[in-house]
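Tertiary structure, described
These are the residues of each chain, in order.
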Amino acid sequence: MANERDLFSAEIVNRGIESSGPNAGSLTFSVRVRRRLPDFLQSVNLKYVKLGYHYLINHGIYLFTIPVLLVVFSAEVGSLSKEDLWKKLWEDARYDLATVLASFGVFVFTLSVYFMSRPRPIYLIDFACYKPDDELKVSREQLMEVARKSGKFDEASLEFQKRMLMSSGIGDETYIPKAVVASTENTATMKEGRGEASMVMFGALDELFEKSRVRPKDVGVLVVNCSIFNPTPSLSAMIINHYKMRGNILSYNLGGMGCSAGIIGVDLAKDILQANPNNYAVVVSTEMVGYNWYQGKDRSMLIPNSFFRMGCSAVLLSNRRRDYSRAKYRLEHIVRTHKGADDRSFRCVYQEEDEQKLKGLKISKDLIEIGGDALKTNITTLGPLVLPFSEQLLFFATLVWRHLFGSKNGGNSPSMKKPYIPDYKLAFEHFCVHAASKTILDELQRNLELSDKNIEASRMTLHRFGNTSSSSIWYELAYMEAKESVRRGDRVWQLAFGSGFKCNSVVWRAMRRVTKPSRNPWLDCINRYPAPLNN
């Protein structure tokens, strides 16, 4: 029973002064019970730890074989005197030209195979995040007033949205498409969707091409991800047409993949760049808020109205070795986790029609629990790839000890029940956790044992720009760059999760100290952040 209680958290909510009824004029309160993230740091699924070590061994095979070869070679050479060594290298070799040529050929062949099979480094040259015009900025009160004037919501729905909005962690300077703000009609039309897509995508790409000094015709790979709005021709085709890109560009359009699709887009671009040397790739991540605006009464579908806001990111990747000197970051690792085989996970974020046939995105009450399970799997797999050697040694020793002696003792001792949990803060200097909502960030901070400084970029991004879906992790990195907190050698962990259910991680290493960029969505307000959060 105690373990079951640990899965829930309770808070007292001030509902204000009662305006009518027997308690009119007095303060009223309610108790809100929420389901917490499972304490996944206290339970480790060993098969995912083994998967992480499998990745590590596959990529680190040279670290194990080269020292062995050096030891054998040193032992052989060390047993010879100076005269014997010279005799073997010169006097014997000059009479056996075939042996010398064969050895040299084997050496050249081995070296060629090594460099040809070695993955090309992927560099992040620059990125851009779209900042909408101020005329699209709405406060929480303005948004509720627009919702009330639309006549689409009853009082119960309006009250529910207001409660969600006030406890969301979102501030008063986020952006909503003009169609949603100004119109009282249903704005989920192809015309409005294309209008919003053009605004955010071209705005981000214009800034990216200007900052990187790369021409659109130089881009060989284009990946666009947008979950809800997927017209024909595709969003990638809209970009190619607008910028008149070259005819042999490799373009891809990802739809319906949720808020973690930005990392999936980077992973796809990485794989394509590995097969196409000397190329640029652009990854565009966005979501059409106006096209998915729900105007019904189903509370599980009203939740996205309170959280999702306008946003778009454009990222320029390169596999050209000459870009080493001007790149900001180098791609280190990508780990993707998909829980779609489980029915609850598959349906926890689900697009469908309500009883009135109004289309919306339905959010399950089990979202936090399902997200915690996916996150546990992801970080358990990622751990062996990123943790320092001391942490891995302790973790691996505990793992072996449990395997060898756990069964003999019946697994009843405290040391057998609880594995050693590594400190993930030792693996990264910067954290970009998807800014979904205040509640989710609270639970992630508690479970990952992150400091307020670690989670600052995520909280401030949620406050200033809201949940911008797959692009939110880039607004967070832009926040760090505006604060000039990224230095050479720093490791950045971007973590996002979305429908499916998926949880994805990408790790970057800073190639140089990143100074404050000339264009950045935070430049006009960075001096006000970190801002105090009262909601």
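Note that this is a predicted model, so its numbers are computed, not measured.

**Description of the overall build of the protein**
Check the secondary structure of the protein and you find 19 helices and 15 strands. When burial is assessed residue by residue, the protein has 48% of its 535 residues classed as buried. Long-range contacts, defined here as pairs at least 24 residues apart, represent 79% of the contacts in the protein between residues at least 6 apart. Surface summary for the protein: the accessible area is close to 26700 Å², and the carbon and sulfur share equals 56%.

**Here's the deal with the sheet that holds strand E14 (residues 491-498)**
What the nine strands build is an open sheet, ordered E7-E6-E8-E9-E3-E10-E15-E14-E13; its pairing is mixed. With one partner strand each, in any of the chains shown, strand E7 (250-254) and strand E13 (430-433) form the two edges of the open sheet. Across the sheet, the mean angle separating the axes of adjacent strands is 20 degrees when strand polarity is ignored. Bridging between strand E8 (residues 280-286) and strand E9 (residues 312-318) involves seven bridges; their strand directions are antiparallel. Bridging across to E9, Ala-281 finds its partner in Leu-317. Together, strand E6 (219-225), E7 and E8 form the strand contacts of helix H10 (residues 235-243), whose direction differs from that of E6 by roughly 140 degrees.

**With respect to unusual backbone geometry**
Note that the residue after Thr-232, namely Pro-233, is joined by a cis bond; omega there is -5 degrees. Relative to the helices and strands, Pro-233 resides in the loop between E6 and H10. The step from Tyr-529 to Pro-530 runs through a cis peptide bond, and the omega angle for that step is 5 degrees. Its place among the elements puts Pro-530 in the segment after strand E15 (502-510). With a phi angle near 55 degrees, Arg-213 is a residue other than glycine that sits in the positive phi range. Turning to its location among the elements, Arg-213 is positioned in the loop between helix H9 (190-212) and E6. Of note, Asn-278 is a non-glycine position whose phi angle comes to about 55 degrees, a positive value. Summarising the element assignment, Asn-278 is placed in the loop between helix H11 (261-275) and E8. Of the residues examined, Asn-278 reaches a relative accessible area of 46% and is grouped as partly exposed.

**Some words on the UniProt feature "active site" (unreviewed entry) in the protein**
In this numbering, the UniProt entry assigns the feature "active site" (unreviewed entry) to Cys-259, His-338, His-430, His-434, His-463 and Asn-467. For His-463, the location among the structural elements is in helix H18 (residues 456-465). Tracing the sequence through the fold places Asn-467 in the loop between H18 and helix H19 (472-482). For Asn-467, the residues in contact, after removing those within four places along its chain, are Phe-307, Phe-308, Arg-309, His-434, Ala-435, Ala-436 and Leu-462.

**Overview of the packing of helix H7 (residues 155-166) against helix H12 (residues 299-307)**
The geometry of H7 relative to H12 is characterised by a closest axis approach of 9 Å and an angle of 50 degrees between their N-to-C directions. Here H7 lies oblique to H12, going by the angle between them. Crossing handedness for the pair H7 and H12: right-handed. Contact residues: Ala-156, Ser-157, Phe-160, Gln-161, Arg-163, Met-164 and Leu-165 in H7; Arg-299, Leu-302, Ile-303, Asn-305, Ser-306 and Phe-307 in H12.

**Observations regarding the pattern of salt bridges**
Across all of its chains, the model carries 31 salt bridges by this definition. Across the pair Glu-332 and Arg-330 runs a salt bridge, and its minimum N-O distance is 2.9 Å. Taking relative accessible area as the criterion, Glu-332 reaches 28% and is therefore assigned partly exposed. The shortest N-O distance in the salt bridge between Arg-344 and Asp-366 comes to 3.5 Å. Here the residue Arg-344 occupies a position in helix H13 (residues 343-347), and Asp-366 occupies one in the loop between strand E12 (359-363) and helix H14 (367-386), the gap between them amounting to 22 residues.

**Section: H18**
Of all ten residues in H18, ten are buried; the element is thus mostly enclosed. Listed in full, the buried residues belonging to H18 are Glu-456, Ala-457, Ser-458, Arg-459, Met-460, Thr-461, Leu-462, His-463, Arg-464 and Phe-465. Those residues of H18 that are buried lie in contact with strand E4 (137-138), strand E5 (174-175), E13, helix H17 (438-448) and H19.

**Considering the pairing of strand E3 (residues 123-129)**
Residues in a regular strand project their side chains so that they alternate between the two faces of the sheet. Burial runs high along E3: seven of the seven residues are buried. Relative to E9, E3 runs antiparallel, the two sharing six bridges. Across the sheet, Leu-124 pairs through a bridge with Leu-317, a residue of E9. Both E3 and strand E10 (residues 329-338) contribute to a ladder of two bridges, which runs antiparallel. By the bridge assignment for E10, Tyr-123 is matched with Arg-330.

**Section: the confidence of the model for the protein**
Put simply, the protein has an average pLDDT of 81, and 73% of its residues get 70 or more. Per-residue pLDDT stays below 50 along residues 1-8; that stretch engages in nine contacts with residues further than four places along the chain or on separate chains.

**Topic: the side chain of Ser-236**
Along the chain, Ser-236 turns up in helix H10. Given the relative accessible area of 3%, Ser-236 is considered buried. Ser-236 has contacts with Leu-222, Val-224, Ser-251, Tyr-252 and Asn-253, leaving out every residue within four places of it along the chain.

**Considering the packing of helix H6 (residues 140-150) against H7**
Closest axis-to-axis distance for the H6/H7 pair is 11 Å, and the angle between their directions is 165 degrees. By the angle between their directions, the pair H6 and H7 is classed as roughly antiparallel. Read as a crossing pair, H6 and H7 show a hand that is right-handed. In this structure, H6 uses Arg-140, Glu-141, Leu-143, Met-144, Ala-147 and Arg-148 to contact H7, whose residues at the interface are Glu-155, Leu-158, Gln-161, Lys-162, Leu-165 and Met-166. Across the contact of H6 with H7, the residue classes tally to six nonpolar, one polar and five charged.

**Focus: the packing of aromatic side chains**
Under the defined criterion, the tally for this structure stands at 16 aromatic pairs. For the pair Phe-428 and Phe-431, a centre-to-centre distance of 6.0 Å together with 80 degrees between the ring planes defines the contact as edge-to-face. Both residues of the pair, Phe-428 and Phe-431, count as buried. Look at Trp-522 and Tyr-529: their rings are 5.4 Å apart centre to centre, the planes differ by 85 degrees, and that puts the pair in the edge-to-face class. Residue class for Tyr-529 comes out buried when judged on its relative accessible area of 4%. Feature note: the residues Tyr-175, Phe-465, Tyr-475, Tyr-479, Trp-522 and Tyr-529 constitute an aromatic cluster, connected by ring pairs. Directly above the aromatic system of Tyr-350 lies the positively charged group of Arg-347, at a separation of 4.0 Å from the ring centroid. The ring of Phe-465 has Arg-464 lying over it, and the distance from NZ or CZ to the ring centre is 4.6 Å.

Each value, and the rule that gives it
- Residues numbered from 1 in each chain as written.
- Predicted model: local features only at pLDDT ≥ 70, side-chain atom pairs only at ≥ 80, totals over all residues.
- Heavy atoms only, no water.
- Helix = DSSP H or I, 4+ residues; strand = E, 2+ residues; numbered from the N terminus.
- Buried < 20%, exposed > 50% of the residue type's maximum accessible area, 1.4 Å probe, protein only.
- Contact = heavy atoms within 4.5 Å.
- Areas by Shrake-Rupley, 256 points an atom, 1.4 Å probe, with all protein chains shown as cover.
- Pairing = 2+ DSSP bridges.
- Axes fitted to C-alpha atoms, helices over the stretch in contact; angles between N-to-C directions.
- UniProt positions renumbered as here; feature names shortened; annotations may be inferred.
- Parallel < 35°, antiparallel > 145°, perpendicular 65-115°, else oblique.
- Left-handed = near helix turned anticlockwise from the far one by under 90°.
- Salt bridge = Lys/Arg side-chain N within 4 Å of Asp/Glu carboxyl O.
- pLDDT = per-residue confidence, 0-100.
- Nonpolar A, V, L, I, M, F, W, Y, C, P; charged D, E, K, R; others polar.
- Phe/Tyr/Trp six-rings, centres within 6.5 Å; stacked < 30°, edge-to-face > 60°.
- Lys NZ or Arg CZ within 6 Å of the ring centre and 35° of its normal.

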